[in-house]
Amino acid sequence: MTRRYLASEAQARFASSRVDVIRRLGEVAVRQGCDFVLVCGDVFEHAQLTPQTVRRALEALRAVEVPVYLLPGNHDHLGPLSLWATALLAEELPAHVHVLDAPGVHAVAPGVEIVAVPWHGKHPGSDLVAEVVADLPQGPAPQGTVRVVAAHGAVDVLDQDRRSASAIAVAPLVAALEAGQIHYVALGDRHSRTRVDPAIWYCGAPEPTAWREQDPGDVLVVEVEPAGAARAAVQVTPHTVATWRFVALDRRTDCDEDLDALDAELAALPDKDRTVVRLGLRGTLGLAQHARLEELLARHADLLAALHRPSQHTDLVLAGEDDIADLGLGGFLAAAVEEIRTVSHEAAPTRPGVDGGAAATTDFVPGRPDDADSARDALALLYRLASGGAR
Ligand SMILES: [Mn+2]
C-alpha cells in the first residue's frame, strides 16, 4: 500500500510494519490460546504484487504458530488474474495457512466450522453472504459445533445511502444468530473496528492506514460458547497490534504563544518515526513568526514519519511587514524588498481554482503570477533567508 505523503524511507518502514504486524497478531493468538487465526479479506492490497512482497508476507505467516485461514476479499478476489492462483502462492503457501476459496462450510478444527463467503470477482452483484447462509442446514448447528461466518464487504446498516447490490444484509444474520444456526460473524473491509451486533464485528486494519479510521490497529480475540437453539455466549476482546499512528491536528496560530504550544505538542508525540501527522493551521502571523513556524515545522518533520500539510486544511495569513525593517537590509536587497512590497500591497485579484488560503504556506506553485500573494510569500522567504545568519 502506497501512501503519497510518505517519503521513500518512511514508505519502506510502513510496508515493513504491515508485514511485521502479522507476527505480532500470531503472538497474540498463542498468548490467548486461540485455536486459529481468521483474516476476512484484503490480505493483499492488489493482484500485481512483487514476489518480494508476497514472500515476505508468507514468511511472516510461517511464524504464526496456529492455523491461519485467509478469505479472499475485494482487493484480492478470486476473479481473473487472481493472486491466489499464481504459482508462487500455490507452491510457497505454508502448510498451516489455508485459503478459504470455496463458499460454504469448512471444518477447520474439531467442533469448529467456518462458513466462508469469498469474493469471486471485483463486483459480486448480489449479497453473497445471504446466499451462503441460506444454503446452511436448517435449525441450530449440531451440538458441540461452533459455526463462524467469514465474510467481506459493507453491511447494509452502514451503507444505507448508497445501497449497493452486494451489501451484506444484517437482519438475516441476526436471525441465524438468534436461532443458534450460526454463532459469530467475522467481517472484513472496514479499517475502523466496528461492532455491528454483539456477535457481528469488523476487527479493523491491524496497522492504521489513514486519518479517517476509528479504532484501527487491533485484532479481536473471540470466544464462542454455543447455547443450542439460542444466541451463543460470545466474548470479543480487542488486542492492539499496531505500531503506527495517524494524528490529525487542526490548530490556530496567531501569536508566539500559539507557536510555543504547537512546538510543545509536536515534541510530545511518542514514536515519532511511526506517527503520520496531518497538520491544518489557521491564523495570522507576522513575518518573523512565519519564519519561526517554518523552522519549527522543519525540525519536527525530520523526526516524524510525515508532516502532511494539505492546502485545504491551511489558512494562514501573513500580516505586518515591519519585521523586515528590523533586518537592516541595504543596497540591492533593500531595493528588492521595496519592489516586492509594492506588489504585495496591490489588491489581490481573484484566482479561480487556487486556494488563496494556501498562499502563506511554503507551497511554491511554478508559473504562479507575480501577484500580491506571491509577493507576500517572497517577503516571508526573504525574511527567513536574510535572518538565518542572525538566528
Ligand atoms: Mn475490502
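Remember, predicted model here, so these are calculated numbers, not experimental data. (Residues numbered from 1 in each chain as written. Predicted model: local features only at pLDDT ≥ 70, side-chain atom pairs only at ≥ 80, totals over all residues. Heavy atoms only, no water.)

(A) Examining the overall build of the protein more closely. When you go through the protein residue by residue, the secondary structure sums to 9 helices and 15 strands. Taking 2.2 N^0.38 as the reference for a compact globule, 391 residues should give roughly 21 Å; the C-alpha atoms of the protein span a radius of gyration of 28 Å, well beyond that estimate. Scored against the burial criterion, the 391 residues of the protein give a buried share of 47%. Contacts in the protein between residues far apart in sequence, at least 24 positions, make up 71% of those at least 6 positions apart. Accessible area for the protein stands at about 19200 Å²; split by element, carbon and sulfur atoms hold 52% of it. Computing the positive centroid from 35 side-chain charges and the negative centroid from 55, the protein places the two 1 Å apart. (Helix = DSSP H or I, 4+ residues; strand = E, 2+ residues; numbered from the N terminus. Rg over C-alpha atoms; globule rule 2.2 N^0.38 Å. Buried < 20%, exposed > 50% of the residue type's maximum accessible area, 1.4 Å probe, protein only. Contact = heavy atoms within 4.5 Å. Areas by Shrake-Rupley, 256 points an atom, 1.4 Å probe, with all protein chains shown as cover. Lys, Arg positive; Asp, Glu negative; His and termini not counted. Charge placed at Lys NZ, Arg CZ, Asp CG, Glu CD.)

(B) Highlighting the sheet that holds strand β1 (residues 37-39). Reading across from one edge, β1-β2-β3 is the order of the 3 strands in this open sheet, with parallel pairing throughout. At either margin of the open sheet sits one strand with a lone partner, and together these are β1 and β3 (97-99). If you compare each strand with its neighbour and ignore which way they point, the axes differ by 20° on average. Sheet topology places strand β2 (residues 68-70) next to β3; 3 bridges connect them, and they run parallel. Across the sheet, V68 pairs through a bridge with V97, a residue of β3. (Pairing = 2+ DSSP bridges. Axes fitted to C-alpha atoms, helices over the stretch in contact; angles between N-to-C directions.)

(C) The arrangement of empty space enclosed by the protein in detail. Scanning the entire structure with this criterion turns up 2 cavities of 30 Å³ or more. As a volume, the largest cavity reaches approximately 60 Å³. Around the largest cavity sit V117, W119, P124, S126, D127, L128, V129, H152, G153, S166 and I168, which together line it. In terms of residue class, the lining of the largest cavity is made up of 6 nonpolar, 4 polar and 1 charged. (1 Å grid on protein atoms, 1.4 Å probe; cavity = no way out; pocket = protein on both sides within 12 Å on 5 of 7 lines; lining within 4 Å. Points joined across faces, edges and corners; volume = space filled by probe spheres on them. Nonpolar A, V, L, I, M, F, W, Y, C, P; charged D, E, K, R; others polar.)

(D) Layout of the packing of aromatic side chains. As enumerated under the stated definition, the model contains 6 aromatic pairs in all. Measuring from ring centre to ring centre gives 4.7 Å for Y5 and W211, while their planes differ by 50°; the resulting arrangement is tilted. In this pair, Y5 sits in the segment before α1 (8-31) while W211 sits in the loop between β9 (200-202) and β10 (218-225), placing the two residues 206 residues apart along the sequence. Since its relative accessible area comes to 16%, Y5 is described here as buried. Look at W211 and you get buried, because its relative accessible area is 16%. The structure contains a cluster of three or more aromatic residues connected by ring pairs, namely Y5, W211 and F246. Across the ring face of Y202, the terminal group of R190 is positioned such that the distance to the ring centre comes to 5.9 Å. (Phe/Tyr/Trp six-rings, centres within 6.5 Å; stacked < 30°, edge-to-face > 60°. Lys NZ or Arg CZ within 6 Å of the ring centre and 35° of its normal.)

(E) Representation of the coordination of the manganese ion in the model. Looking at the metal site, the manganese ion is ligated by D42 (OD), N74 (OD1), H152 (NE2) and D189 (OD), spaced 2.0 to 2.2 Å from it. Taking relative accessible area as the criterion, D189 reaches 30% and is therefore assigned partly exposed. (Donors = N, O, S within 2.8 Å, 3.2 Å for Na, K, Ca; no water.)

(F) How the structure looks around the UniProt feature "domain: Calcineurin-like phosphoesterase" (unreviewed entry) in the protein. In this structure's numbering, the residues bearing the UniProt feature "domain: Calcineurin-like phosphoesterase" (unreviewed entry) are residues 23-105. The span residues 23-105 is 33% helical and 13% strand by assignment, and the distance between its end C-alpha atoms comes to 27 Å. (UniProt positions renumbered as here; feature names shortened; annotations may be inferred.)

(G) Main features of the environment of V185. Tracing the backbone through its elements, the reader meets V185 in strand β7 (residues 184-188). Overall, the relative accessible area of 0% leaves V185 in the buried class.

(H) Highlighting the domain arrangement of the protein. Along its sequence, the protein is organised into domain 1 (8-240) and domain 2 (245-390). Once you take the C-alpha centre of each, domain 1 and domain 2 turn out to be 46 Å apart. Contacts between the two partners involve 8 residues from domain 1 and, on the opposite side, 11 residues from domain 2. Contact between domain 1 and domain 2 buries roughly 740 Å² in total, counting both sides, with carbon and sulfur atoms accounting for 63%. Of all residues in domain 1, R13, P208 and W211 give up the largest surface area on contact with domain 2, accounting jointly for 71% of the area buried on that side. On the surface where domain 1 and domain 2 come into contact, there are 1 salt bridge. Residue R13 pairs with D273 through a salt bridge whose shortest N-O separation is 3.8 Å. At the surface where domain 1 touches domain 2, the tally comes to 4 residue pairs in polar contact (both at pLDDT 80 or more). (Domains from an automatic or database assignment. Buried area = accessible area lost by both parts, 1.4 Å probe. Salt bridge = Lys/Arg side-chain N within 4 Å of Asp/Glu carboxyl O. Polar contact = N/O pair within 3.5 Å; in protein donor to acceptor, adjacent residues only side chain to side chain.)

(I) Here's a closer look at the confidence of the model for the protein. Overall, the prediction assigns the protein a mean pLDDT of 90, with 93% of residues at 70 or greater. Note that pLDDT drops below 50 for residues 350-363; the model gives that stretch 27 contacts with residues more than four away or on any other chain. (pLDDT = per-residue confidence, 0-100.)

(J) Seen up close, the packing of helix α8 (residues 331-344) against helix α9 (residues 372-387). Relative orientation of the contacting elements α8 and α9 amounts to 150°, with a least axis distance of 8 Å. In this structure, α8 meets α9 at a crossing whose hand is left-handed. Seen from α8, the contacting residues are L333, V337, I340, R341, V343 and S344; seen from α9, they are A372, A375, R376, A378, L379 and L382. Split by residue class, the contact of α8 with α9 holds 9 nonpolar, 1 polar and 2 charged. (Left-handed = near helix turned anticlockwise from the far one by under 90°.)

(K) Region of interest: the sheet that holds strand β6 (residues 146-152). Here we have 6 strands laid out as an open sheet, ordered β4-β5-β6-β7-β9-β8, and mixed in their pairing. This sheet does not close on itself; its edge strands, each paired only once, are β4 (104-109) and β8 (194-197). Each strand axis lies, on average, 25° off the axis of its neighbour in the sheet, ignoring direction. Pairing of β6 with β7, which is carried by 5 bridges, proceeds in the parallel orientation. By the bridge assignment, V148 is partnered in β7 with Y184.

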